[in-house]
Amino acid sequence: MRFLPDAEQRAFTDSLHAMLTAADTPAVIRDWSRGDHASGRALWRRLARAGVFGLAVPEEHGGLGRHPVELALAFVELGRHAVPGPLAETVAAAVLLAEPRLAKRFLPGLLAGTDLATTTVPNGPALDGDAAAVRLARTPDGLRLASAGPVRRSLDPARRLTPLAPDGELLDPGPPFALALTWARLAVAAQALGVGLALLDRTVAYVGRRSQFGVPVGSFQAVKHRLADSATALQFARPLLFGAAISLRPADVAAAKLTACEAAYTTARTALQLHGAIGYTAEYDLSLWLTKARALRAAWGTPEECREVFLQDALKTSAPADSP
């Protein structure tokens, strides 16, 4: 099956691409990595005005309605430009705060882009707790507001990991944790696909400029094979992503995240090898995408966890009807 965006969806993603290209995201990323959030918050507000965060919020709460396909399209562009901040976490928070009382209290700030939200993931810290106004922690008694601990170093400097202490108000004893996890994984899968596509584009351009033995490196057969393998992996991930966005089945989303993140990681390794020594330098913009591809691979579910979700679902659906 081929998943092709319609004219309205293409116009939406084209507008996001133009906005992010003009925003000089590498400079925004480096500011964010240092803890300077001013430029990142300004970009965040522009994304909110474009409707990105409203795609995860029902219309009755001021959003655009929950549109997972459009959200995936938007997050591919966010990944393509390596936009920093708790993007998937804000999507998860929007799902967790959908109860009318909580939605009225918290969602207007998220939809306007004035407030950032973060939440703990299973067995891990939160992202950007120092910048988030809404910090949510999962506890045995439900969903609580939390305070942020000190920022921890991350492989991706723009991903500022923060432990949360669930010492605040109990917001909801029974929030939809499973649904929030599904939406967050979908967002991460789309980001990873965008990161992989950006790495491939940058590497193709680089090997076309760099020469050895008087010819472009990109003309070598071995280089072409590596790039073709990366392109094939990314193209294979794309229909899985949009198929998962249509079904929103946890197993489909887990499979899409696994495939997209592995494709981005494979492309990152290829990009690093074909760029040579310059690819290792933090000053070179390629590093901003390389580290993000590695970090997204484990965000909101490691490859092993996503594989387990998919296999358990496959075993359940293939079991005989009369089996226990």
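Procedures and definitions
- Residues numbered from 1 in each chain as written.
- Predicted model: local features only at pLDDT ≥ 70, side-chain atom pairs only at ≥ 80, totals over all residues.
- Heavy atoms only, no water.
- Pairing = 2+ DSSP bridges.
- Helix = DSSP H or I, 4+ residues; strand = E, 2+ residues; numbered from the N terminus.
- 1 Å grid on protein atoms, 1.4 Å probe; cavity = no way out; pocket = protein on both sides within 12 Å on 5 of 7 lines; lining within 4 Å.
- Points joined across faces, edges and corners; volume = space filled by probe spheres on them.
- Nonpolar A, V, L, I, M, F, W, Y, C, P; charged D, E, K, R; others polar.
- Axes fitted to C-alpha atoms, helices over the stretch in contact; angles between N-to-C directions.
- Contact = heavy atoms within 4.5 Å.

Pairing analysis gives 4 bridges linking strand β3 (residues 134–139) to strand β4 (residues 142–145), with the strands arranged antiparallel. Note that in β4 the partner of Ala137 across the bridge is Arg144. Count of turn residues in the β3/β4 antiparallel hairpin: 2 residues.

This paragraph deals with empty space enclosed by the protein. Applying the stated criterion across every chain yields a total of 2 cavities of 30 Å³ or more. Size it by volume and the largest cavity reaches roughly 100 Å³. Taken together, 17 residues line the largest cavity, and the ones lying closest to its centre are Gly85, Leu127, Arg159, Gln191 and Leu296. Mapped onto the lining of the largest cavity, the elements with two or more residues apiece are α5 (87–96), α7 (177–209) and α10 (286–296). Partitioning the lining of the largest cavity into residue classes produces 11 nonpolar, 2 polar and 4 charged. The computed volume of the second largest cavity comes to approximately 50 Å³. Lining the second largest cavity we find Phe53, Ala56, Val57, Thr90, Val91, Ala94, Leu107, Leu110 and Leu111.

The subject of this paragraph is the sheet that holds strand β1 (residues 117–119). One open sheet accounts for 4 strands, arranged β1-β3-β4-β8; its pairing is mixed. Strand pairing shows two members of the sheet lacking a second neighbour, β1 and β8 (170–172), which therefore form its edges. Direction aside, the axes of adjacent strands within the sheet are offset by 35° on average. In this structure, β1 lies alongside β3, joined through 3 bridges in parallel fashion. Looking at the pairing, Thr119 lines up with Leu136 of β3. Strand contacts of helix α6 (residues 100–112): β1, β3, β4 and β8, with the helix running at about 100° to β8, the strand carrying the most contacts.

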